[in-house]
Amino acid sequence: MKRVVITGAGTINALGKDVPTTLEAMREGRCGIGDLEFRDVERLSIRIGGQVKSYDPEAAFTRQQLALYDRFTQFTLIAARQAIAQSGIEFGDALSLSAGVILGNSGGGMTTLDENYRTVYEDGKNRVHPFVVPKLMNNAAASHVSMAWGLHGPSYTVSTACASSNHAMAQAFQMVRCGQSPVMLTGGSESMLCFGGVKAWEGLRVMSKDGCRPFSANRNGMVQGEGAGVFVFEEHEHARARGAEILAEIVGTAMTSDASDIVMPSKEGAARTIAGALRDARLNHEDVGYINAHGTGTAANDKTECAAVADVFGRHADKLMISSTKSMHGHLIGGTGAVELLACIMALRDGIIAPTINYDEPDPECALDVVPNEAREAHVEVALSNAFAFGGLNAVLALRRAE
Amino acid sequence: MSIPDRVIAIIADQAMLEPSDVTLDSSLEDLGVDSLGLVESIFAIEEAFDITVPFNANEPSVGDFDISTVGAIAASVQRLVAEQS
């Protein structure tokens, strides 16, 4: 089996429009969550989110491109461009035939859907823009990345709600590991912050009106974010041969299904996934220094996740650090694992652990070191990234510090 | 139909029981209504009475909407109808 490393990373999210800015915000424990700004927001009871602000699509793309790019596709292309630039990878003839794109996404072009439903239902028009379908389809972002860089290998979108990006990256990892392609672009994106998108979430009654406070006793729900994270996953020898900088190594993954409830998380499912990733990576429990938690800030997730970590790690659970960066960038649903992988890279490469901000009160059911409110310096050899989705679909990635 | 009777009908429908099997001192747990069933019941109550129920599944016991029994829910609905009419 081949070794798999990350040689490029890109992002745009509420904390920043590139990786350095995002990591700086995480280091400083800055909150990217604020008042939502879009049409009809006054008709919502949930009016906060991790929205990408001061963003001008017209400065980033041409009018012709924007006719085809929903916001989630725009975010993906911006992040992919950064990741490829950092990696320095060039897709020559042979590589372009094997390299592909696997991205996570849950809602597809929600803004496009929302705008065009308004056109036909609210405005009573009988005509919509001809590109509504290619703009809103979930695979649009993966397709546009493959077209922009001429990648002809396996390319598709994985949709597993809040675990989409982790499933996508797990798949890309396995493809590189088994030798199917030396390079894969992977990650994910989401943009559901529009009236219809938030209205639907409101109905479930799991959203917070005032902030995302993972693991804190006074947490009262999740806060949604938007954006993208894209990475270049590359076979180790391939990266070394061209002298690429290695950000971190991916060493294992596990994917499972709870097969029990459509919204409630399962401790057993989460524990089985974490343990599976360790086994796949041939790691000992003591190797793990940091876990980027799923940490949604809901009552159910946070206590279930902490119990799962305690079950898997036993006494080592009290020694490792676990934080939820959703407290800062919000929950990017299908894109969340991708942005959160950046916190793992920061822990491994820079020795800085992103904090769980808005932590006010300890919760005895979340009695782990959640790195409250302030980033911490620590040497970490191995990090995990958790994602436990609605529908009971789980995916955990294990990363190791580059040598 | 009175407000308590309408609340009983909504919850009975959710619990797949006859309204006569639901009493004001039944708890949702007794009736086999889980967390999703509760969220659906609250939606049905909001639609039926044209009110907004302040309910967050993360903190079901916080706020003024008491969900401990069917009777408590009916009393909360009665109050919200009076407040929001």
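Residues numbered from 1 in each chain as written. Chains lettered and ligands numbered in written order. Predicted model: local features only at pLDDT ≥ 70, side-chain atom pairs only at ≥ 80, totals over all residues. Heavy atoms only, no water.

A. How the structure looks around the overall build of chain A. Along the backbone of chain A there are 15 helices and 14 strands. Rg of the C-alpha trace for chain A: 20 Å, near the compact-globule value of 22 Å for 403 residues, within the 12% margin. Overall size of chain A, expressed as C-alpha extent along the three principal axes, is 65 × 55 × 40 Å. Among the 403 residues that make up chain A, the fraction classed as buried is 62%. Considering only contacts in chain A between residues 6 or more positions apart, those separated by 24 or more positions represent 78%. For chain A, the computed accessible surface area is about 15000 Å², with 49% contributed by carbon and sulfur atoms. In chain A, 36 side chains carry a positive charge and 46 a negative one; their mean positions are 3 Å apart. (Helix = DSSP H or I, 4+ residues; strand = E, 2+ residues; numbered from the N terminus. Rg over C-alpha atoms; globule rule 2.2 N^0.38 Å. Buried < 20%, exposed > 50% of the residue type's maximum accessible area, 1.4 Å probe, protein only. Contact = heavy atoms within 4.5 Å. Areas by Shrake-Rupley, 256 points an atom, 1.4 Å probe, with all protein chains shown as cover. Lys, Arg positive; Asp, Glu negative; His and termini not counted. Charge placed at Lys NZ, Arg CZ, Asp CG, Glu CD.)

B. Summary view of the nonpolar core. Residue and element names in this part refer to chain A. Judged by nonpolar contacts, the single largest core of 44 residues is most densely connected at Ile6, Met26, Phe231, Phe233, Tyr290 and Leu399. Put simply, the parts of the chain that give this core at least two residues each are β1 (4-13), α1 (19-28), α9 (164-177), β7 (227-235), β8 (248-257), α15 (336-350), β11 (352-353) and β14 (393-400). Ranked by the residues each element gives to this core, the list is headed by α15, at nine residues. (Core = buried A, V, L, I, M, F, W, Y, C linked by side-chain atoms within 4.5 Å.)

C. Main features of helix α3 (residues 35-49) of chain B. Spanning 15 residues, α3(B) covers 21 Å between terminal C-alpha atoms, matching the ideal 21 Å at 1.5 Å per step. Buried residues of α3(B): Gly37(B), Leu38(B), Val39(B), Ser41(B), Ile42(B), Ile45(B), Glu46(B) and Phe49(B), and no others. Among the structural elements, α10 (195-204) of chain A together with α1 (3-15), α2 (28-31) and α4 (70-84) of chain B are those in contact with the buried residues of α3(B). Of the residues one or two after α3(B), Asp50(B) is the one with positive phi, at around 55 degrees. (Expected span 1.5 Å × (residues − 1).)

D. Molecular detail of empty space enclosed by the protein. Residue and element names in this part refer to chain B. Considering all chains together, one arrives at one cavity of 30 Å³ or more under this definition. Looking at the largest cavity, its volume works out to about 30 Å³. Lining the largest cavity are Ile11, Leu28, Leu38, Ser41, Ile42, Ile45 and Ile73. Per-element tally for the lining of the largest cavity: the top contributor is α3, with four residues. Here the residues of the lining of the largest cavity are counted per class, giving six nonpolar, one polar and no charged. (1 Å grid on protein atoms, 1.4 Å probe; cavity = no way out; pocket = protein on both sides within 12 Å on 5 of 7 lines; lining within 4 Å. Points joined across faces, edges and corners; volume = space filled by probe spheres on them. Nonpolar A, V, L, I, M, F, W, Y, C, P; charged D, E, K, R; others polar.)

E. Quick look at the layout of surface pockets. The space that makes up the largest pocket amounts to roughly 780 Å³. If you go around the largest pocket, you meet 42 residues; those closest to its centre are Met264(A), Thr298(A), Ala299(A), Ala300(A) and Asn58(B). Elements supplying a minimum of two residues to the lining of the largest pocket: α13 (299-313) of chain A together with α3 of chain B. Residues belonging to the lining of the largest pocket are distributed by class as follows: 22 nonpolar, twelve polar and eight charged. Lining the second largest pocket are 22 residues, with Ser45(A), Arg205(A), Lys209(A), Val53(B) and Phe55(B) sitting closest to its centre. Elements with a minimum of two residues in the lining of the second largest pocket: α10 of chain A together with α3 of chain B. Here the lining of the second largest pocket gets three residues from one element, more than from any other, and that element is α10(A).

F. Structural view of the sheet that holds strand β10 (residues 321-323) of chain A. Residue and element names in this part refer to chain A. Spatially, β5-β4-β6-β7-β1-β8-β14-β13-β9-β10 is the arrangement adopted by the ten strands of the open sheet, whose pairing is mixed. Edge positions in the sheet fall to β5 (155-158) and β10, since each has one partner strand and no second. Pairwise comparison of adjacent strand axes, ignoring direction, gives a mean angle of 25 degrees for this sheet. The pairing of strand β4 (residues 100-104) with β5 spans four bridges and is parallel. By the bridge assignment, Gly104 is partnered in β5 with Val158. (Pairing = 2+ DSSP bridges. Axes fitted to C-alpha atoms, helices over the stretch in contact; angles between N-to-C directions.)

G. Quick peek at the interface of chain B and chain A. At the interface, eleven residues of chain B touch twelve residues of chain A. Here chain B packs against chain A, burying approximately 880 Å² in sum over the two surfaces, 47% of which is carbon and sulfur. Of all residues in chain B, Leu36(B), Val39(B) and Asn58(B) give up the largest surface area on contact with chain A, accounting jointly for 53% of the area buried on that side. Scanning the region where chain B abuts chain A turns up one salt bridge. (Buried area = accessible area lost by both parts, 1.4 Å probe. Salt bridge = Lys/Arg side-chain N within 4 Å of Asp/Glu carboxyl O.)

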